[in-house]
Amino acid sequence: DVKVTQSSRYLVKRTGEKVFLECVQDMDHENMFWYRQDPGLGLRLIYFSYDVKMKEKGDIPEGYSVSREKKERFSLILESASTNQTSMYLCASTWTGMGNSPLHFGNGTRLTVT
Amino acid sequence: QKEVEQNSGPLSVPEGAIASLNCTYSDRGSQSFFWYRQYSGKSPELIMSIYSNGDKEDGRFTAQLNKASQYVSLLIRDSQPSDSATYLCAFSGASKIIFGSGTRLSIRP
């Protein structure tokens, strides 16, 4: 079974703090993704990565950056957290040939910025 | 036109009945289609993948794909209260997977 692990289930941070959200997958997947999910807005793609040290912007990259130094780990960074980044953050991974492979999600991190 | 459209619901179905969830998509080049179930406060969980036209059955779930009409549906037979959740359809786009906003399903006892 694919396991995608997000480091924190709940996180509370203050405005202006630098925030790291960590994600690790154990299935040697090439592709990893960060989404945020908000009521009424659905899942929105922030960043994704096809390989180590590679990253691509998704639909809403502003205010975020990512790091992929190892194949199994994909980190989302909020350089200076703001209240509008309060959300549920979901990490996902899949094999190469993404067109035929579903995403496998981690348990999510509910981030509150005060 | 949105890339994928789902009725947001809520869809209320009596226990034991068939729940029918529908999704339309705009990209004719899509090859892969998925249904996810998401309980409140939890992450999406893959329940069905379908890649070719027709029906695919897995237990109480049946996914139906019609590429000519660009729709995919999910039938849940013998609906149970534990099926109450939001159901997301998704399909493979040019370089990513596109998600619908989900249909909230409520199974009433």
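Within any chain, residue numbers begin from 1 and follow the written order of that chain's sequence. In the order they appear in the text, chains get letters beginning with A and ligands get numbers beginning with 1. pLDDT decides what is reported in this predicted model: residues at 70 or higher carry local features, side-chain atom pairs at 80 or more are listed and counted, and totals for whole chains, interfaces and linings draw on all residues regardless. Side-chain numbers here rest on the full set of heavy atoms in the structure, without hydrogens or water.

1. With respect to the nonpolar core
Soluble globular proteins tend to bury their nonpolar side chains together.
Item 1. The biggest cluster of nonpolar side chains holds 24 residues, and the ones touching the most others in it are W35, L74, I76 and Y87 of chain B.
Item 2. Put simply, the parts of the chain that give this core at least two residues each are strand 3 (19–25), strand 4 (33–38), strand 5 (45–50), strand 7 (61–66), strand 8 (71–76), strand 9 (85–92) and strand 11 (103–108) of chain B.
Item 3. Take the buried residues of types Ala, Val, Leu, Ile, Met, Phe, Trp, Tyr and Cys, join any two whose side-chain atoms come within 4.5 Å, and each joined set is a nonpolar core. Exposure categories follow from relative accessible area, calculated using a 1.4 Å probe and restricted to protein chains: below 20% of the type maximum is buried, above 50% is exposed, and the middle band is partly exposed. Grouped together as the second largest cluster of nonpolar side chains are 20 residues, M32, I46, V66 and F74 of chain A included. A helix here means a DSSP run of H or I that spans at least four residues, while a strand means a run of E at least two residues long, and both kinds are numbered starting from the N terminus.

2. Observations concerning the sheet that holds strand 6 (residues 54–58) of chain B
Residue and element names in this part refer to chain B.
Item 1. What makes two strands pair is DSSP finding at least two bridges between them. Ordered by their spatial adjacency, five strands build an open sheet running 1-3-8-7-6, and the pairing between neighbours is antiparallel. Each edge of the open sheet carries a strand with a single partner, namely strand 1 (4–6) and strand 6. Across this sheet, the average inter-strand angle for adjacent strands is 20 degrees, counted without regard to direction. For helices, the axis comes from a line fit to the C-alpha atoms of the stretch in contact; other axes are also lines fit to C-alpha atoms, and the angle between any two N-to-C directions lies between 0 and 180 degrees.

3. Some thoughts on the interface of chain B and chain A
It is common to report an interface's size as the accessible area lost on association of the parts.
Item 1. Chain B puts 18 residues into the contact, and the matching count from chain A is 20 residues.
Item 2. Both sides together, the interface formed by chain B and chain A hides about 1,500 Å², and carbon and sulfur atoms give 57% of it.
Item 3. Here the quantity called buried area is the accessible surface, traced with a 1.4 Å probe, that two parts lose on coming together, added over both. Among the residues chain B hides against chain A, the three largest losses belong to K96, I97 and F99 of chain B. Together they make up 31% of the total.
Item 4. Should a side-chain nitrogen of Lys or Arg be within 4 Å of a carboxyl oxygen of Asp or Glu, the pair is scored as a salt bridge. Counting every contact that joins chain B to chain A gives zero salt bridges.
Item 5. Here a polar contact is recorded for every N or O atom pair within 3.5 Å, except that within protein the pair must consist of a potential hydrogen donor and a potential acceptor, and residues adjacent in sequence are included only if both atoms are side-chain atoms. Viewed at the interface, chain A and chain B are joined by four residue pairs in polar contact (both at pLDDT 80 or more).
Item 6. Secondary-structure elements contributing two or more residues to the side of chain B that touches chain A are strand 4, strand 5, strand 9 and strand 10 (97–99) of chain B.
Item 7. Ranked by residue count, the leading element in the side of chain B that touches chain A is strand 4 of chain B, at three residues.
Item 8. Note that Gly is not counted as nonpolar here; it falls among the polar residues with everything else outside the nonpolar set of Ala, Val, Leu, Ile, Met, Phe, Trp, Tyr, Cys and Pro and the charged set of Asp, Glu, Lys and Arg. Looking at the side of chain B that touches chain A residue by residue, the classes come out as eight nonpolar, eight polar and two charged. Contacts: residue pairs with any heavy atoms within 4.5 Å of one another.

4. What to know about the pattern of salt bridges
All names here are of chain B.
Item 1. All told, the structure shown has eight salt bridges over all chains when counted by the stated rule.
Item 2. Between E45 and R37 there is a salt bridge whose closest N-O contact spans 3.0 Å.
Item 3. Look at E45 and you get partly exposed, because its relative accessible area is 36%.
Item 4. Residue classification places R37 among the buried positions, given a relative accessible area of 13%.
Item 5. R60 is paired through a salt bridge with D83; the nearest N and O atoms lie 2.9 Å apart. Note that R60 is positioned in the loop between strand 6 and strand 7 and D83 in the loop between strand 8 and strand 9, a separation of 23 residues in sequence.
Item 6. The exposure class of R60 is partly exposed, given its relative accessible area of 27%.
Item 7. Residue D83 is classed as buried on the basis of its relative accessible area, which comes to 1%.

5. Describing the state of the cysteines
A disulfide bridge is the covalent bond that connects two cysteines by way of their sulfur atoms.
Item 1. Any two cysteine sulfur atoms within 2.5 Å of one another count as a disulfide. Scanning the model with the defined rule gives two disulfides over all chains in all.
Item 2. Covalently, C23 of chain A is tied to C91 of chain A through a disulfide, its sulfur atoms 1.9 Å apart. For the disulfide bridge between C23 of chain A and C91 of chain A, the dihedral angle about the S-S bond is near -75 degrees, and by the sign convention the bridge is left-handed. Here C91 of chain A lies in strand 9 (residues 87–94) and C23 of chain A lies in strand 3 (residues 19–25), a separation of 68 residues in the sequence.
Item 3. Covalent S-S linkage joins C23 of chain B and C89 of chain B, the inter-sulfur distance amounting to 1.9 Å. As the torsion about the S-S bond is roughly 50 degrees, the C23 of chain B-C89 of chain B disulfide counts as right-handed.

Interpretation note: all reported values are geometric properties and have no functional meaning in isolation.
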